[in-house]
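Secondary and tertiary structure notes
Read off the chains here:
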Amino acid sequence: MSEPNQDNGTSPAGPPAPPAPPAAPAGWGPGYGQAPGYGQGPPPVAPPGGYAGSQYGQPQHGQPQHGQPQHGQPQYGQPQYGQPQYGQPQYGAPSGYRPAPVQRGIVPLRPLSLGEIFDGGFRSIRANPRVMFGVSAVVVTISVLIQTVVQWYSLGPFADLMSADAMGVPTDAEAEQVLGDFAGIWSGQVLAGILTLVVTTMLTGLLIISVSRSVIGQQVSLGDAWARARPQLWRLLGLTLLVILLMLSVPILWVAALVGLFAIEQFGLAVAVVFVGGAGMLVWLAWISVRTLLATPALMLEDQRLMAGFKRGWALSKGSFWRLFGIYLLTNLMVSTVAYLVIGPVTILAMVFTSDGMTDMTYITDPLYLAITAVGTVVATVLTTPFTAAVVALLYIDTRMRREGLDVELSRAAEAAANEAAGGAKA
């Protein structure tokens, strides 16, 4: 004869078995880094006869009745044995912990901070120094040799003008000669500056390929980088010239206005144009430099055509001007400081070996002086250009991760690269 019902449940016949000791939980609760649900314990374990062996709402043999706690188990709403309370972190995980972002390369694959961009720039150089320094050394050496020849040609008249014999008051004919010499000096230095900008931009385009591979944990060889960049070099050259024309447009108009005002003897207005126009020129150069900053990586990494790459970089920089401007300005201050620490002592050393006196400027055209300063320029440029190129590449990647979710695509690429490397190592 069955026992009387208790709380609409029936207990099976026979003497009750002694309660089993509490078992440790099967796992550490919900997913790693997530708090368990309110009042939830582990999922019910079916009896040996299967889940259907007991009726719905009836307790099993040795289990508590409805509303009563099991032997050794917490009541409803209290944490399970070994489990944290609701809203508290799991064992070993601090409060608010989130899993670290995927990072198989030089930077974490998520929007980057300033420190992570700079750290990634240094890591990219250490990850592939053969490409980052090797390509830079070859390209920069050729460029500096050409610049040295240009400087030797253009600085000759300047040395003559600054010599002690030319310090007197010139006649009209001598004044015309002085103006012609200054025009030649200015033209030569502008040509050297343009050549430097072209070479630096082309070199940046080459190094960006290596940095983009380092982001997903791959190391590109010099041959692979060249094969990847070669189809885009002419487009990159065209893009560089386009940016230079945009940069020079406002300074050319400024100089033309000054020449016109001096020609008509409007000296007061010319002075105003010098200060106002000079400030406006600096603002223009900063603005156009930042708006076209991401055009080079867009052209090289997305295989864009010239105008498409220009428009793509322009669109990416829209809305991110101040962030790009601040990081790029700080980068240039850093690399300029490093370059000065190299070029400054080298220039002083060259002056000591070649100059007879500080009043005579003819030493600036001395071959030994030019050779010593050229070596310093090569060393400074090779040390700084890879870092600048890496920062530009990481700014492009960071902007795309913030706007287009590029981090998801990069995570897949990094995983595929890791699997490919693991398969190659096993083979």
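Rules and cut-offs
Residues numbered from 1 in each chain as written. Predicted model: local features only at pLDDT ≥ 70, side-chain atom pairs only at ≥ 80, totals over all residues. Heavy atoms only, no water. Helix = DSSP H or I, 4+ residues; strand = E, 2+ residues; numbered from the N terminus. Buried < 20%, exposed > 50% of the residue type's maximum accessible area, 1.4 Å probe, protein only. Contact = heavy atoms within 4.5 Å. Areas by Shrake-Rupley, 256 points an atom, 1.4 Å probe, with all protein chains shown as cover. Phe/Tyr/Trp six-rings, centres within 6.5 Å; stacked < 30°, edge-to-face > 60°. Salt bridge = Lys/Arg side-chain N within 4 Å of Asp/Glu carboxyl O. pLDDT = per-residue confidence, 0-100. Patch = residues over 30% accessible without salt bridge, like charges linked within 9 Å, V, L, I, M, F, W, Y side chains within 5 Å. Expected span 1.5 Å × (residues − 1). Arc of directions from axis to C-beta. Axes fitted to C-alpha atoms, helices over the stretch in contact; angles between N-to-C directions. Parallel < 35°, antiparallel > 145°, perpendicular 65-115°, else oblique. Nonpolar A, V, L, I, M, F, W, Y, C, P; charged D, E, K, R; others polar. Core = buried A, V, L, I, M, F, W, Y, C linked by side-chain atoms within 4.5 Å.

Along the backbone of the chain there are eleven helices and zero strands. Sequence-ordered secondary structure for the chain, helices as α and strands as β, is α-α-α-α-α-α-α-α-α-α-α. A total of 427 residues make up the chain; the buried ones form 34% of that total. The contacts of the chain with a sequence gap of at least 6 include a subset with a gap of at least 24, amounting to 78%. Total accessible area on the chain is roughly 25600 Å²; 64% of this is exposed by carbon and sulfur atoms.

Following the criterion strictly, the structure yields eight aromatic pairs and no others. With centroids separated by 5.1 Å and ring planes inclined at 85°, the aromatic side chains of Phe321 and Trp322 adopt a geometry described as edge-to-face. Residue Trp322 is classed as exposed on the basis of its relative accessible area, which comes to 68%. Note on Phe321 and Phe325: the rings are 5.8 Å apart at their centroids and 5° apart in plane angle, and the pair reads as stacked. Taken as a pair, Phe321 and Phe325 lie in helix α9 (residues 321-354) at a separation of four residues, close to a single helical turn. Residue classification places Phe321 among the buried positions, given a relative accessible area of 17%. Taking the relative accessible area as the measure of exposure, Phe325 reaches 24% and is therefore partly exposed. Feature note: the residues Trp284, Trp287, Phe310 and Trp314 constitute an aromatic cluster, connected by ring pairs.

Quick look at the environment of Arg123 now. Within the secondary structure, Arg123 sits in helix α1 (residues 114-127). Between the alpha carbons of Arg123 and Val215 there is a distance of 9.6 Å; along the sequence they are 92 residues apart.

Counted under the stated rule, the structure contains ten salt bridges. Glu415 is paired through a salt bridge with Arg104; the nearest N and O atoms lie 2.8 Å apart. Of this pair, Glu415 sits in helix α11 (residues 406-426) while Arg104 sits in the segment before α1, and the two are 311 residues apart along the sequence. Residue Arg104 is classed as partly exposed on the basis of its relative accessible area, which comes to 43%.

So, on to the confidence of the model for the chain. Mean pLDDT over the chain: 75, with 65% of residues reaching 70 or higher. Counting interchain partners and residues more than four positions distant, the pLDDT-below-50 stretch residues 1-12 has nine contacts. In the predicted structure, residues 69-93 sits below a pLDDT of 50 and forms 45 contacts with residues beyond four places in sequence or in another chain.

Right, let's talk about the environment of Met132 for a bit. Relative to the helices and strands, Met132 resides in helix α2 (residues 129-162). We classify Met132 as buried; its relative accessible area is 0%. Distance in space between the C-alpha atoms of Met132 and Val211 is 8.7 Å, their sequence separation being 79 residues.

This next bit is on a nonpolar patch on the surface. On the surface, Ile348, Leu349, Val352, Phe353 and Leu368 cluster together into a nonpolar patch covering about 520 Å² of accessible area. Relative to the assigned elements, Ile348 resides in helix α9.

Moving on, we come to helix α8 (residues 306-317). For α8, built from twelve residues, the straight-helix expectation of 16 Å at 1.5 Å per residue is met to within 8% by its first-to-last C-alpha distance of 17 Å. Along α8, the residues classified as buried are Gly309, Phe310, Arg312, Gly313, Leu316 and Ser317. The buried residues of α8 occupy one face: seen down the axis, they fall within an arc of 165°. Among the structural elements, α5 (233-263), α6 (267-291), α7 (295-301), α9 and α10 (367-404) are those in contact with the buried residues of α8. One or two steps after α8, the chain reaches Gly319, where phi turns positive at roughly 85°.

One non-glycine residue with positive phi stands out, namely Asp303, at about 55°. Along the chain, Asp303 turns up in the loop between α7 and α8.

This part covers the packing of α5 against α6. Relative to each other, α5 and α6 sit at 180°, their axes nearing to 9 Å. Between α5 and α6, the angle is such that the two are roughly antiparallel. Residues Leu246, Met247, Ser249, Val250, Pro251, Trp254, Ala257, Leu258, Leu261 and Phe262 of α5 touch α6, and the partners they reach there are Phe267, Leu269, Ala270, Val273, Val274, Gly277, Gly278, Met281, Trp284, Leu285, Ile288 and Ser289. Classifying every residue of the contact of α5 with α6 gives 18 nonpolar, four polar and no charged.

Following the sequence through the fold, Thr201 ends up in helix α3 (residues 172-215). When neighbours within four sequence positions are excluded, Thr201 is seen to be in contact with Leu236, Thr240 and Thr296.

For the rest of this paragraph, the subject is the nonpolar core. Counting residues in each nonpolar core, the largest one holds 62 residues, and the members touching the most others are Ile117, Val215, Leu395 and Leu410. The element that contributes the greatest number of residues to this core is α10, accounting for 14 residues. Ignoring anything within four residues of it in the chain, the contact list for Val215 reads Gly105, Ile106, Val107, Leu109, Leu394, Ile397 and Leu410. Within the second largest apolar cluster, six residues are counted, among which are Ala350, Met351, Ile364 and Ile372.

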